[in-house]
Amino acid sequence: ALFISSGFLAQYYFKNVLAAQVLLLFIIILFFISFKSILRFSFQAFQNMKLFALMYLADNLFILLLLLWFFNHKKDIFMASYAHILANFLIIILFTPLLFKVFNFFKHKASLDRDTFKKLLNFGLITIAANVGGIIILYTDTLVLTFFRSLEEVGIYNAVVPTVMIIQFFSTSIATVIFPMVAELWARKKNEYLEQG
């Protein structure tokens, strides 16, 4: 939908023809981010917090180094997008073999019965709906500002917001550790440990 409407959005919503190319680049970035997220959360699911945390560090380090390198060679609005695409690609290439060391998927035969498939599908659909809702709520301010204000003002706003959001790292760090533990205790029916926690 974004790919098809990129020209329309650039002309009437962003009011800048460069936005179409940036949108297309972000579609590529989101494609890689999907695979990177599966990798990262697989490490979390297998409770390998060292690799989970290392992915964050490597991701940010690659983006920083690639941004510095790209902007040193050519100052262009698209350089940040290129850095993100390349960083995500490198993370996937480097960490996929490590996931297979944590858990060798080829050694284990999987079978999925109809009831389990329905439960997973229902859980997945609810999770997708919750994530879409969360993203809409998270970015409503920027979407509204982009429509009513200039891109320069929106840019300033979006440069300030991540600085304030640093505070969120504390709760995210706690949730990253607690959620897999809570899920495991719940699955094992160890409710007394959950109550104590």
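Summary of the structure given here. (Residues numbered from 1 in each chain as written. Predicted model: local features only at pLDDT ≥ 70, side-chain atom pairs only at ≥ 80, totals over all residues. Heavy atoms only, no water.)

1. Brief notes about helix H5 (residues 114-148)
Under the 1.5 Å per step criterion, the end-to-end length of H5 is 49 Å for 35 residues, consistent within 8% with the ideal 51 Å. Within H5, the axis deviates most sharply at Tyr139, by approximately 55°. The N-cap residue of H5 is Asp113: its side-chain oxygen and the backbone nitrogen of Asp115 are 3.1 Å apart. (Helix = DSSP H or I, 4+ residues; strand = E, 2+ residues; numbered from the N terminus. Expected span 1.5 Å × (residues − 1). Bend = angle between axes of the 7 residues up to and from the residue. Polar contact = N/O pair within 3.5 Å; in protein donor to acceptor, adjacent residues only side chain to side chain.)

2. Looking at the nonpolar core
Leu39, Phe43, Met55, Ile85, Ile91 and Phe95 are the most contacted members of the largest nonpolar core, which has 16 residues in total. Elements represented by at least two residues in this core include exactly helix H2 (18-45), helix H3 (49-73) and helix H4 (79-102). Setting aside its immediate chain neighbours within four residues, Phe95 contacts Leu39, Phe43, Leu51, Leu54, Met55 and Ala58. Listed in part, the six residues of the second largest apolar core include Leu66, Phe70, Met79 and Ala87. (Core = buried A, V, L, I, M, F, W, Y, C linked by side-chain atoms within 4.5 Å. Buried < 20%, exposed > 50% of the residue type's maximum accessible area, 1.4 Å probe, protein only. Contact = heavy atoms within 4.5 Å.)

3. Comments concerning the packing of H2 against H3
Where H2 contacts H3, the two axes come as close as 7 Å, and the packing angle between them is 150°. Overall, the two elements H2 and H3 adopt an arrangement that is roughly antiparallel. Of the two possible hands of crossing, H2 and H3 adopt the one that is left-handed. Note on element contacts: H3 touches H2 through Met49, Leu51, Phe52, Met55, Tyr56 and Asp59, opposite Lys36, Leu39, Arg40, Phe41, Phe43 and Gln44. Grouping the amino acids of the contact of H2 with H3 by side-chain chemistry returns eight nonpolar, one polar and three charged. (Axes fitted to C-alpha atoms, helices over the stretch in contact; angles between N-to-C directions. Parallel < 35°, antiparallel > 145°, perpendicular 65-115°, else oblique. Left-handed = near helix turned anticlockwise from the far one by under 90°. Nonpolar A, V, L, I, M, F, W, Y, C, P; charged D, E, K, R; others polar.)

4. Section: helix H1 (residues 2-13)
Compared with the 16 Å implied by 1.5 Å per residue over twelve residues, the 13 Å span of H1 between its first and last C-alpha is markedly short. Inspection of H1 places Ser6, Ala10 and Tyr13 among the buried residues, and these make up the whole buried set. Seen from one end, H1 has its buried residues packed into an arc of 115°, which puts them on one side. In H1, the exposed residues that point more than 90 degrees away from the buried face are Ile4 and Phe8. Buried residues in H1 make contact with H2 and H5. Backbone geometry just after H1 places Lys15 at a positive phi near 55°. (Arc of directions from axis to C-beta.)

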